[in-house]
Amino acid sequence: MPASAEVATTNDPPLVDSYCALLLGGELGSSSGFVPAAQALSAESLTVLQRDLPTIDLKRLTSGDPRERDVCADAMASAASEWGFFQVTNHGVGRELLEEMRREQAVLFHQPFDTKEKAGLVDGSYRWGNPTATSLRQLSWSEAFHVPLASICGEDCVHAQLSSLSLRGVMQEVADAMSRVADTVAGTLAKNLGHAGSAFPAAAGCDGTTCFLRLNRYPLCPFADTLGMVPHTDSDFLTIVCQDQVGGLEIMNDSHWVAVKPHPDALVVNVGDLFQAWSNNRYKSVEHKVVANSKAERFSVAYFLCPSHDSLIGTYGKPSPYRPFTFGEYRRKVQDDVRQTGKKIGLPNFLKCSTIS
Ligand SMILES: O=C(O)CCC(=O)C(=O)O
Ligand SMILES: [Fe+2]
């Protein structure tokens, strides 16, 4: 094990062990025989571009001038179509609240690994790395608590050791504030397609009990070219992310990875698979990933706008390229694919004219 691996603390999940096992295992190159795992990983990474993500000032949506409101809504819809990602400013989530969230996350994640793993925060909410990874490409150098909003202050959040009252209070406040942002953005995007905006996302089956808050931590990583989170799309309508100032989030745009430079006053918004389906592919759910960092640990908090499991994901207009499916069906298919093949297929599974064999 390299000396630098000693930066791992006993509070970190066993990421170094996972990494070493995969590294020693190596990987088979597709045509030229054996390729050491680290080399295989870096050969895959494409050039990272520095491009400015569109920034939408949400204050303009409430301007007294209807033209300004329309210009803002159009800019948001263009960003959702062309990038699938944008940043929002004047979003109403207080900077102090977000700083408090980060402090609470540090306290929570710096607890011993055993405590986090055994207690969860809510049952089954803790996850780390990818214990079933068979290659370095599948290893996520991170840990997270993925918490249903219904549970934050519910009775099943009983693990006193982890769920301090202050943590639960801050999580609830962040969830409430981010849900207002999600409703505004989703309503604006839906209206831009011709839907009666005020009824969305409630009309799509989303409410305060169906969404999730995910607390992410990316520990220091001593190995070059490691991913903090592997490339993925989100299986929701919309995601609102607050990242700290460390950086590492990259999104796919025009066949290149684009680094999302942290902006102290902005939240990152991305379209999820369900909105892509609902919008008949007008809005794009694009791949994104997080690159691990060797100098600083990184925290982020993500709010996932999800409907109830039995909600039917239809479309705003017809015909849709997708057959109707429920959110529960979608999640089950994603989980089955990941379990069986190590990879999410997602929306292509639900195309009416499937090209998946
Ligand atoms: O940490 C980030 O910036 C992104 C997190 C993310 O993509 C996720 O939790 O799905
Ligand atoms: Fe994501």
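Here is what the cut-offs are and how they apply
Residues numbered from 1 in each chain as written. Chains lettered and ligands numbered in written order. Predicted model: local features only at pLDDT ≥ 70, side-chain atom pairs only at ≥ 80, totals over all residues. Heavy atoms only, no water. Phe/Tyr/Trp six-rings, centres within 6.5 Å; stacked < 30°, edge-to-face > 60°. Helix = DSSP H or I, 4+ residues; strand = E, 2+ residues; numbered from the N terminus. Buried < 20%, exposed > 50% of the residue type's maximum accessible area, 1.4 Å probe, protein only. Donors = N, O, S within 2.8 Å, 3.2 Å for Na, K, Ca; no water. Core = buried A, V, L, I, M, F, W, Y, C linked by side-chain atoms within 4.5 Å. Contact = heavy atoms within 4.5 Å. Salt bridge = Lys/Arg side-chain N within 4 Å of Asp/Glu carboxyl O.

Draft legend 1. Representation of the packing of aromatic side chains within the structure. The full count for this structure, using the stated rule, is 18 aromatic pairs. Ring centres of Phe200 and Trp278 lie 4.5 Å apart, and the angle between their planes is 45°; this geometry places the pair in the tilted category. Note that Phe200 is positioned in the loop between α7 (165–192) and β8 (212–218) and Trp278 in helix α8 (residues 273–278), a separation of 78 residues in sequence. Trp278 sits in the buried class, given a relative accessible area of 8%. Centre to centre, the rings of Phe325 and Phe350 are 4.5 Å apart; their planes meet at 40°, and the pair counts as tilted. With a gap of 25 residues between them, Phe325 in strand β17 (residues 325–326) and Phe350 in the segment after α9 (327–341) connect regions that are remote in the sequence. An identical accessibility class is assigned to Phe325 and Phe350; each is buried. Among the aromatic residues, those joined into a cluster by ring pairs are Phe109, Phe113, Tyr126, Trp128, Phe145 and Phe299.

Draft legend 2. Representation of the coordination of the iron ion (ligand 2) within the structure. Around the iron ion (ligand 2), the protein contributes the donor atoms His232 (NE2), Asp234 (OD) and His288 (NE2), which lie 2.1 to 2.3 Å from the metal centre. Motif for the iron ion (ligand 2), donor spacing along one chain: H-x1-D-x53-H. Of this pair, His232 sits in strand β9 (residues 227–232) while His288 sits in strand β14 (residues 288–291); the two residues are 56 residues apart in sequence, bridging distant segments of the chain. Neither His232 nor His288 differs from the other in exposure class; each is buried.

Draft legend 3. Region of the structure containing the nonpolar core. Grouped together as the largest cluster of nonpolar side chains are 99 residues, with contacts concentrated most on Met178, Leu213, Phe237 and Phe275. Top contributing element to this core by residue count: α7, with 13 residues. Residues within four places of Leu213 in sequence aside, it is in contact with Phe145, His146, Val147, Leu149, Ile152, Met171, Val174, Ala175, Val301, Ala302 and Tyr303.

Draft legend 4. Broad picture of the pattern of salt bridges. Inspection of every chain in the model, using the stated rule, returns 14 salt bridges. Notably, a salt bridge pairs Asp12 with Arg217, separated by 2.8 Å at the nearest N-O pair. Taken as a pair, Asp12 in the segment before α1 (15–25) and Arg217 in strand β8 lie far apart in primary sequence, 205 residues in all. Exposure class is identical for Asp12 and Arg217. Each is buried. Its salt-bridge partner being Lys118, residue Asp114 comes within 4.0 Å of it at the nearest N-O pair. Separated by four residues within a single helix, Asp114 and Lys118 lie in helix α5 (residues 113–119), roughly one turn from each other. The exposure class of Asp114 is partly exposed, given its relative accessible area of 45%. Residue Lys118 is classed as exposed on the basis of its relative accessible area, which comes to 67%. What emerges from the salt-bridge pattern is a single network uniting Asp12, Lys116, Glu143, Arg217 and Glu297.

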